[in-house]
Amino acid sequence: MEPSRRYSGYPRAKKGPETAYAPVADRNPALKGWVTYSQAIAQATWSNAKFGCVKDVPGLHEYDWRLQPIVTPLLPDGVVQSKAEITPELHERQPDDLAGRFHSAADYHELFKSGKLTPLQVAKGLLPLITRGKNPPAKYESAFAITKEELVLAAAKKSTERYAAGQPLGILDGVPIGVKDDTDVEGYISHMGLKFNPSDPFFKPATSTIWPIAQLEAAGAIVVGKLAMHELGSDISGCNPHWGTPVNWNNPSYYPGGSSSGGGSALSAGLVPIAIGTDAGGSIRIPSSFCGGYGLKPTLHRTYTMKSSICVIGPMAATANDLAVAYRIMSAPNPEDPTQGAFALSIPPSPATKKTIGIYRDWFDRASADVLEVTRKAISYFKDKLGYEVVDITIPYLVEGQYGHSVWALTEGLDHRRSHAVDPANPLANVNHCNQLLLAVGGCTPAVDMIKFGQLRGLIMEHLAFLFKLYPDLLIVTPTVPEAGWKIEPGDQAYGFSDGNVTIRNMMYIWLANSTGCPAVTAPVGYVDAEVGEGKLPVGLMAMGEWGAEEQLLAWAKEAEGYLNGVSEGGRYRPREWADVVEIAKTTE
């Protein structure tokens, strides 16, 4: 923590108890097909999942409840609130001959300024690739739930006119982006991955655009559609039997990850350089990792004050620069939001700042052997070539904390669904069978367990504050996901599925940032061979920082990109079915 930095809600720095990280194998039955449930089945599932273990943690009564892990960096006295600047280095393009090169916002901006391409050409070239309802189906339609051709073309036309007049709004003007289908954009329905029911008033177009997306649009970005997602964001595979599962174009035999699955798919295919997702349990970072992109989970409420203690809106991107561009624009302070609008700007680290990586070895080393091989090489690079000191750390009660986070997410999910249901007494009527049981499990959570998890959250946050005080500017580094991919099993996509054991394992690192409100970023650092299908599987490395440390994390992601592009064997891998939107657009009128 910077000595001069002031916060609201910052935890006291107190070292937590010494506890071993010794997870016991989970025995949750996989849910497939037409799953039926009753209150008794939901209660038995809740108990079998060990969701009640948190209340048995000794000494929790000594800690305050942290039902909302809100920690807000505050402006220094006399400083006026302002937006983050898009600095010159974010306009830099990657070399044209770079292996595995993806198009960036800077590429589009330069092409538009030079007159070699127009935003209208890009929109006309892109829409046939992503719009549903065509015969034959559009090749990349699974990434998008819905597009509005008239809105896209109108925005592209205005952007083209601005460039023609020599008055572009900035680097994002005319750049295509996608927005997850749980985030309101004016004129679009937010389906949240649910099966569309025209008689349900829930499925009505939004009358306004949510703040962070409005900031991107004000900068000229063109929302080309709403991105498909795992139903209700309730799991992390990305499988959706209603809308179809978005393709992981690195290897279509593997899931894209979720719940921001459409964003991961669209980025891996090269359709957009930036996608906007939400993240309550890794839903930005897991698909970014599985699909080989960059993803930032900001500090809780940094971009928008969510009706959640764990969920945030954040950017996913094909390049580290675009991740920073999107973050800086969408995190502009909202004067009408007393929580989000109070955040001071995140400050980029000084070149003189000591750089420290913390690793909890017992936790880190639970990843698969191939993921460990890739991530350890990357950490050696950070240490040997970039001057990072690597220190050993521990964090107490990670096993219990993850179970607490899991049931908290399900309980919040049920509450959100009930709030929007036509019949609150039957909120799961339009929900897929597996998710009906999952959310019913959330409804079994007693109030005392929620309070005890709030106290455990407080304990862990105080321990993190202790670590951040002991090692200023510490980054806690882990693999993003312990496995490089999640294989698609035959038949699972027909009715959906939930494999709790795989879900909990794949969330073993990412949940901590959601539970404590800390920011975290994932970056690809290499690839492994797949067991099935064609194509390599990306491996992500994740860093979690102190509350408000987004710019430090973005700088780290940029360093990780340098490693992947210039040091890692083979460099960046671009999927075989990657769409060259620029060349496609050049063929349109």
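Coordinates for the structure precede this section.
Residues numbered from 1 in each chain as written. Predicted model: local features only at pLDDT ≥ 70, side-chain atom pairs only at ≥ 80, totals over all residues. Heavy atoms only, no water.

The next thing to look at is the overall build of the protein chain. Counting its secondary structure elements, the protein chain contains 18 helices and 15 strands. In terms of overall size, the protein chain behaves like a compact globule, its C-alpha atoms giving a radius of gyration of 22 Å where 589 residues would be expected to give roughly 25 Å. The principal-axis extent of the C-alpha atoms belonging to the protein chain is close to 70 × 60 × 50 Å. The buried share of the protein chain, reckoned over its 589 residues, is 60%. Partitioning the contacts of the protein chain with sequence separation of at least 6, the portion at a separation of at least 24 is 80%. Carbon and sulfur atoms form 54% of the exposed surface of the protein chain, whose accessible area is close to 22,200 Å². (Helix = DSSP H or I, 4+ residues; strand = E, 2+ residues; numbered from the N terminus. Rg over C-alpha atoms; globule rule 2.2 N^0.38 Å. Buried < 20%, exposed > 50% of the residue type's maximum accessible area, 1.4 Å probe, protein only. Contact = heavy atoms within 4.5 Å. Areas by Shrake-Rupley, 256 points an atom, 1.4 Å probe, with all protein chains shown as cover.)

On to the pairing of strand β9 (residues 312-317). Counting buried positions along β9 yields six of six residues, so the element is predominantly enclosed. By the bridge criterion, six bridges tie strand β7 (residues 274-279) to β9 in an arrangement that is antiparallel. Each bridged residue has a counterpart across the sheet, and for G277 the counterpart in β9 is G314. Of the strand pairs in this sheet, strand β8 (residues 294-297) and β9 are connected by two bridges, and their pairing is antiparallel. Across the sheet, the residue bridging to G295 is M316, located in β9. (Pairing = 2+ DSSP bridges.)

Across the sheet, which stays open at both edges, the 11 strands sit in the order β4-β6-β5-β7-β9-β8-β14-β15-β12-β10-β11 with mixed pairing between neighbours. Across the chains shown, the open sheet's two edge strands, defined by having one partner strand only, are β4 (144-146) and β11 (389-392). The mean inter-strand angle of the sheet, taken between neighbouring strand axes irrespective of direction, is 35°. As paired strands, strand β5 (residues 176-180) and strand β6 (residues 222-227) are joined by four bridges and run parallel to one another. By the bridge assignment, K180 is partnered in β6 with L227. Set on the sheet, helix α8 (residues 320-330) makes contact with β7, β8, β9 and β14 (520-528); between it and β9 the angle comes to about 150°. (Axes fitted to C-alpha atoms, helices over the stretch in contact; angles between N-to-C directions.)

Per the stated rule, a full pass over the model turns up 32 salt bridges. E551 is the salt-bridge partner of R328, the closest N and O atoms lying 2.8 Å from each other. Here E551 lies in helix α17 (residues 550-566) and R328 lies in helix α8, a separation of 223 residues in the sequence. Under the relative-accessibility criterion, E551 is labelled buried at 5%. E531 is paired through a salt bridge with K487; the nearest N and O atoms lie 2.8 Å apart. (Salt bridge = Lys/Arg side-chain N within 4 Å of Asp/Glu carboxyl O.)

Here the structure, examined in full by the defined rule, presents 21 aromatic pairs. Here Y10 and W547 contribute two aromatic rings whose centre-to-centre distance is 5.2 Å and whose plane-to-plane angle is 80°, an arrangement assigned as edge-to-face. Of this pair, Y10 sits in the loop between β1 (6-8) and β2 (31-32) while W547 is found in the loop between β15 (537-544) and α17, placing the two residues 537 residues apart along the sequence. Residue W547 is classed as buried on the basis of its relative accessible area, which comes to 1%. Summarising the aromatic geometry, the rings of Y381 and Y563 are spaced 5.0 Å apart at their centres and angled 40° between planes, so their arrangement reads as tilted. Within this pair, whereas Y381 is found in helix α10 (residues 369-384), its partner Y563 is found in helix α17, the two being separated by 182 residues in sequence. Y563 matches Y381 in its accessibility class, with the two residues each being buried. Put simply, the rings of Y381, F382, Y388, W556 and Y563 pair up and form one aromatic cluster. Its guanidinium or amino end placed over the ring of W408, R457 lies 4.6 Å from that ring's centre, counting from NZ or CZ. Note that R572 overlies the ring of F102, its terminal NZ or CZ placed 4.1 Å from the centroid. (Phe/Tyr/Trp six-rings, centres within 6.5 Å; stacked < 30°, edge-to-face > 60°. Lys NZ or Arg CZ within 6 Å of the ring centre and 35° of its normal.)

Once that is clear, we can look at α17. A rise of 1.5 Å per residue sets the reference length of α17, with its 17 residues, at 24 Å; its end C-alpha atoms lie 24 Å apart and thus fit the reference within 8%. For α17, the set of buried residues is E550, E551, Q552, L553, L554, W556, A557, A560, E561, Y563 and L564. (Expected span 1.5 Å × (residues − 1).)

The subject of this paragraph is the nonpolar core. Of all hydrophobic cores here, the largest spans 172 residues; its most connected members are L172, L216, L271, W363, I395, L464 and W556. Among the elements that make up this core, the one with the highest residue count is helix α13 (residues 447-470) (nine residues). (Core = buried A, V, L, I, M, F, W, Y, C linked by side-chain atoms within 4.5 Å.)

An ideal rise of 1.5 Å per residue puts 22 Å on 16 residues; helix α4 (residues 149-164) measures up with 22 Å between its terminal C-alpha atoms. Here α4 has its buried residues at V152, A156, S159, T160 and Y163. Buried residues of α4, seen end-on, are gathered within an arc of 105° and therefore sit on one face of the element. Opposite the packed face of α4, turned more than 90 degrees from it, sit the exposed residues E150 and K158. In the core, the buried residues of α4 are packed alongside α2 (105-114), α3 (119-130) and β6. Backbone geometry just downstream of α4 places G166 in the positive-phi region, at approximately 70°. (Arc of directions from axis to C-beta.)

What follows deals with the environment of G442. With respect to the helices and strands, the residue G442 is situated in helix α12 (residues 433-442). For the pair G442 and L414, spaced 28 residues apart in the sequence, the C-alpha separation amounts to 6.5 Å.

What follows deals with unusual backbone geometry. P136 follows N135 through a cis peptide bond whose omega is 0°. Within the secondary structure layout, P136 lies in the loop between α3 and β4. Between G258 and S259 the backbone carries a cis peptide bond, its omega angle lying at 10°. If you trace the backbone, S259 turns up in the loop between β6 and α6 (261-268). The phi angle at L232 is positive, at roughly 60°, despite the residue not being glycine.

What follows concerns the state of the cysteines. Evaluated as defined, the whole model comprises zero disulfides. Left without a disulfide partner, C53 is nearest to the cysteine sulfur of C444, which lies 16 Å away. The cysteine C239 is free of any disulfide, with C434 supplying the nearest cysteine sulfur at 8.4 Å. (Disulfide = S-S within 2.5 Å.)

So, about the packing of helix α11 (residues 398-420) against α12. Packing of α11 against α12 brings their axes to within 7 Å, and their N-to-C directions diverge by 105°. The pairing of α11 with α12 is recorded here as roughly perpendicular in orientation. Between α11 and α12, the contacting residues are L410, T411, G413 and L414 on the first element and L438, L439, V441 and G442 on the second. (Parallel < 35°, antiparallel > 145°, perpendicular 65-115°, else oblique.)

Honestly, it's all geometry; don't read function into it.
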